[in-house]
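Chain by chain, the residues run as shown.
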Amino acid sequence: MSAVKLDGKATAARIKDDLTKRVAALKERGVTPGLGTVLVGDDPGSQIYVAGKHRDCAEVGIASIRVDLPETATQADVEAAIDELNASPACTGYIVQLPLPKHLDTMALLERMDPAKDADGLHPVNLGRLVHMVDAPLPCTPHGIVLLLQEYGVPIKGAEVAVVGRGITVGRSLGLLLTRRSENATVTLCHTGTQDLSGHVRRADIVVAAAGVPDLITRDMVKPGAAVLDVGVSRVNGKIAGDVAADVEDVAGFLTPNPGGVGPMTRALLLSNVVEAAEKALA
Ligand SMILES: Nc1nc2c(c(=O)[nH]1)N[C@@H](CN(C=O)c1ccc(C(=O)N[C@@H](CCC(=O)O)C(=O)O)cc1)CN2
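Residues numbered from 1 in each chain as written. Predicted model: local features only at pLDDT ≥ 70, side-chain atom pairs only at ≥ 80, totals over all residues. Heavy atoms only, no water.

S.K.: Outline the side chain of Ser234, listing residues and values.
M.R.: Relative to the assigned elements, Ser234 resides in strand S9 (residues 234-236). Taking the relative accessible area as the measure of exposure, Ser234 reaches 14% and is therefore buried. A distance of 3.2 Å separates a polar atom in the side chain of Ser234 from the backbone oxygen of Gly212. With sequence-adjacent residues up to four places away left out, Ser234 is seen in contact with Gly212, Val213, Pro214, Lys239, Ile240 and Ala241. (Helix = DSSP H or I, 4+ residues; strand = E, 2+ residues; numbered from the N terminus. Buried < 20%, exposed > 50% of the residue type's maximum accessible area, 1.4 Å probe, protein only. Polar contact = N/O pair within 3.5 Å; in protein donor to acceptor, adjacent residues only side chain to side chain. Contact = heavy atoms within 4.5 Å.)

What follows is the structure, encoded as structure tokens:
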């Protein structure tokens, strides 16, 4: 058996085509959406992702503002950058690229953002709104995963989902999204303290691997026919190493390539949050 490829690159391209039209319509009404990014330090992965976000903005016609700070930036330096973006009329939404260097207080910085400009949906107010199931910008990777599953007709309602990794950008927020009434999945959120990880994964119809541990999910752990989404982005010898071993392809029903799966969806859904916020501001 060979798994159906969950092609994030192609799906993201379709989303971006639609966004290009919506941005043009906004511009006709005198509004140019603008995405800001705050990047601290020189983590190679983060540099690549931020560069990609700016390329995407140019592609769909969104203006972009890039704020790069050195690894040595202080809490006050990053706060000043956030205050500036909060006040800038050209910036309609922005993100702080994660992870931040260890000496910075991530939570305090996220809290300092204007929730109305939070393009990532990671501000505590917006995550709180998601917990309450009221309208909020959705975290980009989880939203991208749900749309990718829907695009390929993978049933979510009633599915058993094993999410491996409890980080805020993926695992924890994805659990919230998938357990909304509209999705109605049953989610097991696995983490480093989980006993019998294999048992949980083996029961799942959908497996989302977001632990950052290369080849954590092996073929023997996957139920035949399951959908497997690889969010892992470790770098080994300069190449991306996902959390899912190559031979899972032989047993899974659906599988994301990596790269080319969840990553491009994350970026497309970020643009979507920026456009949606601009449309809402006009409504
Ligand atoms: N503020 C945020 N920080 C981080 C997030 C996030 O959603 N918001 N998620 C991840 C990283 N991430 C987004 O920033 C991200 C990861 C991967 C990709 C991507 O397009 N990957 C490509 C491969 C690119 C490469 O060559 O490395 C792919 O999968 O095809 C985009 C964004 C952590 N931080």
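Still more ground to cover, so stick around.
S.K.: Go over the site of the ligand, please, and point to the residues and values.
M.R.: Around the ligand, the surrounding shell holds 15 residues, and the nearest of these are Lys53, Leu98, Asp120, Arg235 and Gly260. Lys53 is positioned such that a nitrogen or oxygen atom in its side chain is 2.6 Å from an oxygen atom of the ligand. At 2.6 Å, a backbone N or O of Gly260 approaches an oxygen atom of the ligand. Look at the ligand: alone it shows 680 Å² of surface, and the protein chains cover 84% of it. Elements that contribute at least two residues to the shell around the ligand include exactly helix H2 (44-60) and helix H9 (262-282). Ranked by the residues each element gives to the shell around the ligand, the list is headed by H9, at four residues. Within the shell around the ligand, the residues separate by chemical class into seven nonpolar, four polar and four charged. (Near = heavy atom within 4 Å. Areas by Shrake-Rupley, 256 points an atom, 1.4 Å probe, with all protein chains shown as cover. Nonpolar A, V, L, I, M, F, W, Y, C, P; charged D, E, K, R; others polar.)

S.K.: Any chance you could break down the packing of helix H1 (residues 8-28) against H2 for me, citing the residues and the numbers?
M.R.: Two quantities define a packed helix pair, namely the angle between the helix axes and the distance between the axes. In the contact formed by H1 and H2, the axes pass within 8 Å of each other and the chain directions differ by 60°. Of the possible angle classes, the one that applies to H1 and H2 is oblique. Between H1 and H2, the contacting residues are Lys16, Thr20 and Val23 on the first element and Asp56, Glu59 and Val60 on the second. By residue class, the composition of the contact of H1 with H2 is two nonpolar, one polar and three charged. (Axes fitted to C-alpha atoms, helices over the stretch in contact; angles between N-to-C directions. Parallel < 35°, antiparallel > 145°, perpendicular 65-115°, else oblique.)

S.K.: Outline the UniProt feature "domain: Tetrahydrofolate dehydrogenase/cyclohydrolase NAD(P)-binding" (unreviewed entry) in the chain, listing residues and values.
M.R.: Mapped onto this structure's residue numbering, the UniProt feature "domain: Tetrahydrofolate dehydrogenase/cyclohydrolase NAD(P)-binding" (unreviewed entry) falls at residues 139-281. End-to-end, the C-alpha atoms of residues 139-281 are 19 Å apart, and along that stretch the chain is 32% helix and 18% strand. (UniProt positions renumbered as here; feature names shortened; annotations may be inferred.)

S.K.: Provide a residue-level description of the nonpolar core, including the pertinent values.
M.R.: Within the largest apolar cluster, 46 residues are counted, with the highest numbers of intra-cluster contacts made by Ile62, Ile145, Leu149, Ile206, Val208 and Leu229. The leading source of residues in this core is H9, at nine residues. If sequence neighbours within four positions are ignored, Leu229 has contacts with Leu6, Ile145, Leu148, Leu149, Ile206, Val207, Val208, Ala209, Thr256 and Val262. With 19 residues, the next largest nonpolar core counts Ala162, Ala204, Ala209 and Val222 among its residues. (Core = buried A, V, L, I, M, F, W, Y, C linked by side-chain atoms within 4.5 Å.)

S.K.: How would you explain the UniProt feature "binding site: NADP(+)" (unreviewed entry) in the chain if you had to name every residue and give the values?
M.R.: Mapped onto this numbering, the UniProt entry gives "binding site: NADP(+)" (unreviewed entry) at Gly165, Arg166, Gly167 and Val233. Inspection of the secondary structure assignment puts Gly165 in the loop between strand S5 (160-164) and helix H7 (171-178). When residues no more than four places from it in sequence are discounted, the contact partners of Gly165 are Gly171, Arg172, Leu189, Cys190 and Ala210. Its place among the elements puts Arg166 in the loop between S5 and H7.

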